[in-house]
Amino acid sequence: MGDPGITPLSPSHIQKNDTDSNAHTGPSFIVVVAVDFGTTSSGYAYAFTKEPECIHTMRRWEGGDPGVSNQKTPTTILLTPDRKFHSFGYAARDFYHDLDPSESRHWLYLEKFKMKLHTTANLSIDTELHAANGKRVKAIDIFAYALAFFKEQALKELSDQAGAEFDNTNIRWVITVPAIWKMPAKQFMREAAYKAGLVPRDIPEQLIIALEPEAASIYCRKLRLHQMIDIGQREVGKKEEGASQYPQEHVRSKRQSRTFLVENVIGELWSELEEGDRYVVVDCGGGTVDLTVHQIQLPEGHLKELYKASGGPYGSIGIDYEFEKLLCKIFGPDFIDQFKIKRPAAWVDLMIAFESRKRAAAPDRTNPLNINLPFSFIDYYKKFRGHSVEHALRKSNVDFVKWSSQGMLRMNPDAMNALFKPTIDHIIQHLTDLFDKPEVYDIKFLFLVGGFAESPLLQQAVQNMLHGRSRIIIPHDVGLTILKGAVLFGLDPGVIKVRRSPLTYGVGVLNRYIEGKHPPDKMLVKDGTRWCTDVFDTFIACDQSVALGETVKRSYTPAKPSQQVIVIHVYCSEKERVGFISEPGVRKCGTLRLDVTGTETSAARREIQTHMQFGDTEIRAMAVDVATSRTVKASIDFLAQ
């Protein structure tokens, strides 16, 4: 029953604020490399600490799709039939596509797998993913392969620049994750990075897990007026003058590293902000939408998180699912399921064709969008059903989708817009709820970032919802905003000064039993003393403000003076007020074991101090035996089931 061992020493609450000590001190690094590991596309960027204003984004990728900018590469991975890493990104997709169908069945192809970390309720190191051919593979292996790929690419590029082998120990790595991810998912990314050899386990400070909207926020501070669009100032859906896209070939020939100059000044937009001004960052990615409210603190322009991150799985892949539902309605779910299994490469092809048309959807569009159906779709459908695709369309009663004689689905603009509606409605509902919160009044700017922020349909919906309550700002190169911000964060992790705790944290203790206050079933008698077990001693409450590097210290004493091993369990909960560790929703997330055998103390009671450091994207814990200064550190394990 309960924790055997510790009872609080009074005073029970000592709080110390180490705001001066930066949680990220340690070895100095020559370069910061940030990896934006996205649901639909991924990439990396880097900057040398000596030239922090120059951010280099990776070289252009080979391959790429017409009409889609390829500054990032698709988050797709291909393993050989014996489960060895083969390729990532466009290379994986193109190779898989060129395999003969009889061969491709044996290869393991995965895409959009990052969402599994958000949607799995009890995520662990053993969580599995499904490849396109239905085979299962360990998620940790896939994430580690992907990160190892980025490590190899970045090291190659840095070595080319340096003209000599570049040493990984000189790199500080930053990996971005959605702010709404729960702790197990954030820890999973760190474990994958250890497995990929990005950083050694004994130098954890070489890797920072950055929150995507925070990274975007940091970049938006630097924006100059010519680097953004203020959508209050123009009509949504209209192309800017001079904003014509390069012809794709021209783009692809420019293979050099892309360098962005981030001026070492605060951008003009930012200089309009005054102490205490608030703004919202809406990060719309492929998988999730993250909303974060920040407040500006002068004179240094530090950021303070005002309201804990919220959002949900409302990224642009929701539109792909709606398209799939439409295909099921026309051709039957049984056929679509079979087609995905029997012709996995052709299914990938169809979704690529849809992706580029999806990007052409706009509120003022009047002409239909044509989507190429792969030949094997038309062929396999005829074999499967015994009649043609055209027949299926006529019979389906789906008014807005017609068959064109060139072998294409013709979708009228309303049909395409209808595919966006459920996802956009979710985002607007979330924004509406957020703006109703008392903390979220008088918002000066709303920054719309992430790849999905490019959608004119989404931009218009946000504009309609806000009715001019705050200015909507969209950075140019909106898909790279998080990547560039993550590099800036790696160069100066102290820029975010105050965060909100996403959970309530505490330890399990024994308190003296008080009749009438404590439940009788919690009473435990030890050596003639009556104790109340399972008491949750709160360190920090959910949604409480915590400064960067803030350390909460508590002192405890073993309930039994003769105890040789002191075990302190750390618990967490999403509830703000927790009385007992046995309450529903409370889970153990870490353990500190302090062995004090063979050490004597003259003090009447042995004092064990626990320190928990908050305010960072991850949490650190430590216990100290005051008599002997013996210390144990613990990383809190959210993945242990």
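Everything quoted here is computed from the prediction, not taken from an experiment.

The rules we used
- Residues numbered from 1 in each chain as written.
- Predicted model: local features only at pLDDT ≥ 70, side-chain atom pairs only at ≥ 80, totals over all residues.
- Heavy atoms only, no water.
- Helix = DSSP H or I, 4+ residues; strand = E, 2+ residues; numbered from the N terminus.
- Contact = heavy atoms within 4.5 Å.
- Areas by Shrake-Rupley, 256 points an atom, 1.4 Å probe, with all protein chains shown as cover.
- Expected span 1.5 Å × (residues − 1).
- Buried < 20%, exposed > 50% of the residue type's maximum accessible area, 1.4 Å probe, protein only.
- Salt bridge = Lys/Arg side-chain N within 4 Å of Asp/Glu carboxyl O.
- Pairing = 2+ DSSP bridges.
- Axes fitted to C-alpha atoms, helices over the stretch in contact; angles between N-to-C directions.
- Disulfide = S-S within 2.5 Å.
- Arc of directions from axis to C-beta.
- Phe/Tyr/Trp six-rings, centres within 6.5 Å; stacked < 30°, edge-to-face > 60°.
- Lys NZ or Arg CZ within 6 Å of the ring centre and 35° of its normal.
- Left-handed = near helix turned anticlockwise from the far one by under 90°.
- Nonpolar A, V, L, I, M, F, W, Y, C, P; charged D, E, K, R; others polar.
- Polar contact = N/O pair within 3.5 Å; in protein donor to acceptor, adjacent residues only side chain to side chain.

Draft legend 1. Examining the overall build of the protein chain more closely. Summing up its helical and strand segments, the protein chain has 16 helices and 34 strands in all. A separation of at least 24 residues holds for 72% of the contacts in the protein chain among residues at least 6 apart in sequence. By element, 50% of the accessible surface of the protein chain is carried by carbon and sulfur atoms, the whole surface being about 27,500 Å².

Draft legend 2. A look at helix 11 (residues 344–358). Here helix 11 contains 15 residues, and its C-alpha end-to-end distance of 21 Å stays within 8% of the 21 Å for a straight helix at 1.5 Å per residue. Looking only at helix 11, the buried set comprises P344, A345, A346, W347, V348, L350, M351, A353, F354 and K358.

Draft legend 3. Local environment of the pattern of salt bridges. What the rule picks out here adds up to 26 salt bridges. E128 is the salt-bridge partner of R136, the closest N and O atoms lying 2.8 Å from each other. Note that K195 is salt-bridged to D141, the shortest N-O span being 2.9 Å. Within this pair, whereas K195 is found in helix 5 (residues 183–195), its partner D141 is found in helix 4 (residues 139–162), the two being separated by 54 residues in sequence. On the accessibility criterion, K195 (51% relative accessible area) is exposed.

Draft legend 4. Here's a closer look at the sheet that holds strand 9 (residues 108–111). In spatial order, the strands read 8-7-9; together these 3 strands make up an open sheet with antiparallel pairing. Looking at which strands have only one partner, the edges of the open sheet turn out to be strand 8 (85–88) and strand 9. Put simply, the sheet's adjacent strands are angled 20° from each other on average, direction ignored.

Draft legend 5. Main features of the state of the cysteines. Evaluated as defined, the whole model comprises 0 disulfides. The structure places no disulfide on C589, whose sulfur is separated from the nearest cysteine sulfur, that of C572, by 3.9 Å.

Draft legend 6. Examining unusual backbone geometry more closely. Phi is positive for R83, which is not a glycine, with a value near 65°. By the element assignment, R83 lies in the loop between strand 7 (76–79) and strand 8. Residue D543 is not a glycine yet carries a positive backbone phi of 70°. Within the secondary structure layout, D543 lies in the loop between strand 27 (529–540) and strand 28 (545–547).

Draft legend 7. Here's a closer look at the sheet that holds strand 27. Within the open sheet, the 5 strands sit side by side as 26-27-25-30-31. Their pairing is antiparallel. In this open sheet, the two edge strands, each paired with only one partner strand, are strand 26 (523–526) and strand 31 (587–595). Averaged over neighbouring strand pairs, the angle between their axes works out to 35° when direction is ignored. In this sheet, strand 30 (residues 565–573) lies alongside strand 25 (residues 504–512) in antiparallel orientation, the contact comprising 4 bridges. Looking at the pairing, V507 lines up with V570 of strand 30.

Draft legend 8. Representation of helix 10 (residues 333–342) within the structure. The set of residues buried in helix 10 consists of F335, I336 and F339. Down the axis of helix 10, the smallest arc covering the buried residues is 95°, so these residues share one side. Summarising the contacts, the buried residues of helix 10 are in contact with helix 9 (317–331), helix 11 and helix 12 (375–385).

Draft legend 9. View of the packing of aromatic side chains. Taken as a whole and assessed by the stated rule, the structure comprises 28 aromatic pairs. Within the aromatic cluster, the residues linked to one another by ring pairs are F331, F335, F339, F377, Y380, Y381 and F384. Here the guanidinium or amino end of R512 rests over the ring plane of W531, the centre of that ring lying 5.1 Å away. Sitting over the face of the ring of F539, R554 holds its NZ or CZ atom 4.8 Å from the ring centroid.

Draft legend 10. Main features of the pairing of strand 18 (residues 302–312). Bridge count for strand 17 (residues 289–297) against strand 18 is 8 bridges, and the pairing is antiparallel. When the sheet's bridge partners are listed, Q295 is paired in strand 18 with K304. Both strand 18 and strand 24 (residues 496–500) contribute to a ladder of 2 bridges, which runs parallel. Its bridge partner lying in strand 24, L303 is registered against I496.

Draft legend 11. Focus on the packing of helix 4 against helix 5. Running from N to C, helix 4 and helix 5 point in directions that differ by 60°, and their axes come no closer than 8 Å. Viewed along their axes, helix 4 and helix 5 form a crossing whose handedness is right-handed. Contacts between helix 4 and helix 5 pair A139, I140, D141, F143, A144 and L147 from the former with F188, M189, E191, A192, A193 and K195 from the latter. Here the contact of helix 4 with helix 5 is composed, by residue class, of 9 nonpolar, no polar and 3 charged.

Draft legend 12. Looking closely at the side chain of D537. Note that D537 resides in strand 27. Residue D537 is classed as buried on the basis of its relative accessible area of 14%. One polar contact links D537 to Y556, side chain to side chain, over a distance of 2.7 Å. Leave out the neighbours within four places in its chain, and D537 touches P8, Y505, G506, V507, V509, R554 and Y556.

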